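Residue-level structural notes
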Amino acid sequence: MTLCMRCGRQALSSGILLRHFRACYTPGIVNVYGRRSLLDRARRWLNPYPDTPGALRLSFVAAYIGVVGSLVTYLNFATPCSTTLPPARQWFMIGLLATMLFIERFELAQDPLPGSRRRAVALLILRVVLVQGVVMLDCTGMAVLLWAVVPFAVYFTLGAGVSHVIGLGYWCLVALRAWRVVEAGLSLDSITMVVIFTLLLIFVHLIAGHIDRDQRSRQEMRRLLGQLEASHRQLQTYADRVAELAAAAERNRLARDMHDNLGHYLTAISIQLEKAQAYRDRNSDEADRAISDAKESARAALRAVRQSVSALRESEDRFSLRQSLEGLVNRMDGGPIEIAWRFDGDETGYPGAVLVALYRAAQEGLTNVQKHAQARHVQLQIDLGEGAARLRLRDDGVGFDADSLAEHAGSPGQGYGLQGIQERIDLVKGEMRISSDVHSGTELSIVIPKRLEEVAAT
């Protein structure tokens, strides 16, 4: 206090006053926080695993040993001992009680490790020895209440059955001690001790069961959380895989659309320009007509590209197979190939994917006839029945070896037309057949069911 008053008298400026205030009062603040730090360290030493399932068990055992042990130690300091016991028996008792706490803390530290029955039995024997040592050093008879600690600790390591057997054994010992005391007459204190110990055993077993269930529920929760995290990671992997497959399917679809649309129009333009070049000197009118047809095919190709881009963005217009085929035949008619086509049935009820697949198949088939068949006549028939759609495309060209073409489909130099048609037909659960002969031409036949959902369910 004298130092602080002198500091106050000497502090003339704010800076000096602040320095002298720190010099006067900081030691006291440090002492307060130092005590708190010591308490925190003691708490962390006693229960270093607060988030483990055994933390509640350790807290209960520490509280029980602390309360009963403090009571027994106080009574032994206040009560003289009539028997021949060591003079410093109270300090021995304190040491034994501290050792019991250390054993509980050690066992809690071993919880994350694989269980060992031999270790549990060794700790059981050590607990029995320590508790019995405290009972032998006690002059008041209150230390027998510590016997309840043994069945409580054993409940979690050796099971509830062993715990009940040990608890019953200790109850018999307490009853036997009381019976020896009352041999000459009734002793109210001994009967009271038996009643108290009985209630303590019941309470300890109830608490042990509750803590054990809590531990099991926490372990089950951790297991379920682990499974949930694993499932989440697996779902994430599946989602990434589905995204990759969707991207691959979209690439394949775009490749088919580009081949079917641009490939068809570019083939027509190439044929018309070759025709114009061939007729340039012999028939200028026919050459001009071929060039005009090539220009019209180029415009149609540009329109098809714009329609494809619009469809990719937001187009939801109903696709008309009849109108699309009519435009396709009109564009190809008038050349060296005569096309006879027939359309039967109603498009109502057919999914758009089925109609588009039929159109692309007809488009690719006619393009192949123009490029390779050297045919004069082509027959195209579309039949939209009640249960399925059928397409038949036949020409009188030179034909080809269908088996050899199937083996080399999609290879470099062989093109992707038939492969694209097959992929489209597979997507709508259809069937495609090709028959060809070097003398009688080629026939393409396709059958696609009307109700895709029924086929998928089957």
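Residues numbered from 1 in each chain as written. Predicted model: local features only at pLDDT ≥ 70, side-chain atom pairs only at ≥ 80, totals over all residues. Heavy atoms only, no water.

Summarising the element assignment, L200 is placed in helix 8 (residues 188–278). Sequence separation between L200 and A148 is 52 residues; the distance between their C-alpha atoms is 7.0 Å. Excluding its chain neighbours within four sequence positions, the residues that come into contact with L200 are Y64 and L145. (Helix = DSSP H or I, 4+ residues; strand = E, 2+ residues; numbered from the N terminus. Contact = heavy atoms within 4.5 Å.)

Right, let's talk about helix 10 (residues 321–332) for a bit. Under the 1.5 Å per step criterion, the end-to-end length of helix 10 is 17 Å for 12 residues, consistent within 8% with the ideal 16 Å. If you check which residues of helix 10 are buried, you get L321, S324, L325, L328, V329 and M332. Taken end-on, helix 10 shows its buried residues confined to a sector of 130 degrees, consistent with a single buried face. Counted as exposed and oriented over 90 degrees from the buried face of helix 10: Q323 and N330. (Expected span 1.5 Å × (residues − 1). Buried < 20%, exposed > 50% of the residue type's maximum accessible area, 1.4 Å probe, protein only. Arc of directions from axis to C-beta.)

Turning to empty space enclosed by the protein, a few remarks are in order. Scanning all chains against the criterion turns up one cavity of 30 Å³ or more. Volume-wise, the largest cavity comes out at about 40 Å³. If you go around the largest cavity, the residues you meet are H264, Y265, A268, S297, R331 and M332. Elements with a minimum of two residues in the lining of the largest cavity: helix 8 and helix 10. When residues of the lining of the largest cavity are assigned to their parent elements, the largest contribution, three residues, is made by helix 8. (1 Å grid on protein atoms, 1.4 Å probe; cavity = no way out; pocket = protein on both sides within 12 Å on 5 of 7 lines; lining within 4 Å. Points joined across faces, edges and corners; volume = space filled by probe spheres on them.)

Take the packing of helix 3 (residues 55–78) against helix 6 (residues 149–157) next. Interhelical geometry of helix 3 versus helix 6 gives an angle of 170 degrees and a closest axis separation of 11 Å. Here helix 3 lies roughly antiparallel to helix 6, going by the angle between them. Between helix 3, through R57, F60, V61, Y64 and I65, and helix 6, the contact on the second element is made entirely by V149, F152 and F156. Taken together, the residues of the contact of helix 3 with helix 6 break down into seven nonpolar, no polar and one charged. (Axes fitted to C-alpha atoms, helices over the stretch in contact; angles between N-to-C directions. Parallel < 35°, antiparallel > 145°, perpendicular 65-115°, else oblique. Nonpolar A, V, L, I, M, F, W, Y, C, P; charged D, E, K, R; others polar.)

Before going further, it helps to examine the nonpolar core. Ranked by size, the top nonpolar core spans 43 residues in total, and within it W147, F152 and F197 carry the most contacts. Of all elements in the fold, only helix 3, helix 4 (89–109), helix 5 (117–137), helix 6, helix 7 (160–181) and helix 8 reach the threshold of two or more residues within this core. Not counting the four nearest positions on each side in its chain, F152 is found in contact with R57, F60, V61, S163, V204, I207, A208 and I211. Core analysis: the second largest hydrophobic core is formed by 34 residues, L325, Y359, L380 and I382 among them. (Core = buried A, V, L, I, M, F, W, Y, C linked by side-chain atoms within 4.5 Å.)

Further remarks concern the packing of helix 10 against helix 11 (residues 352–373). Running from N to C, helix 10 and helix 11 point in directions that differ by 10 degrees, and their axes come no closer than 10 Å. In terms of orientation, helix 10 and helix 11 fall into the roughly parallel class. Contacts between helix 10 and helix 11 pair L321, S324, L325, L328, R331 and M332 from the former with L355, L358, Y359, A362, Q363, L366, T367 and Q370 from the latter. By residue class, the composition of the contact of helix 10 with helix 11 is nine nonpolar, four polar and one charged.

The quantities given are spatial measurements derived from coordinates; they are silent on function.
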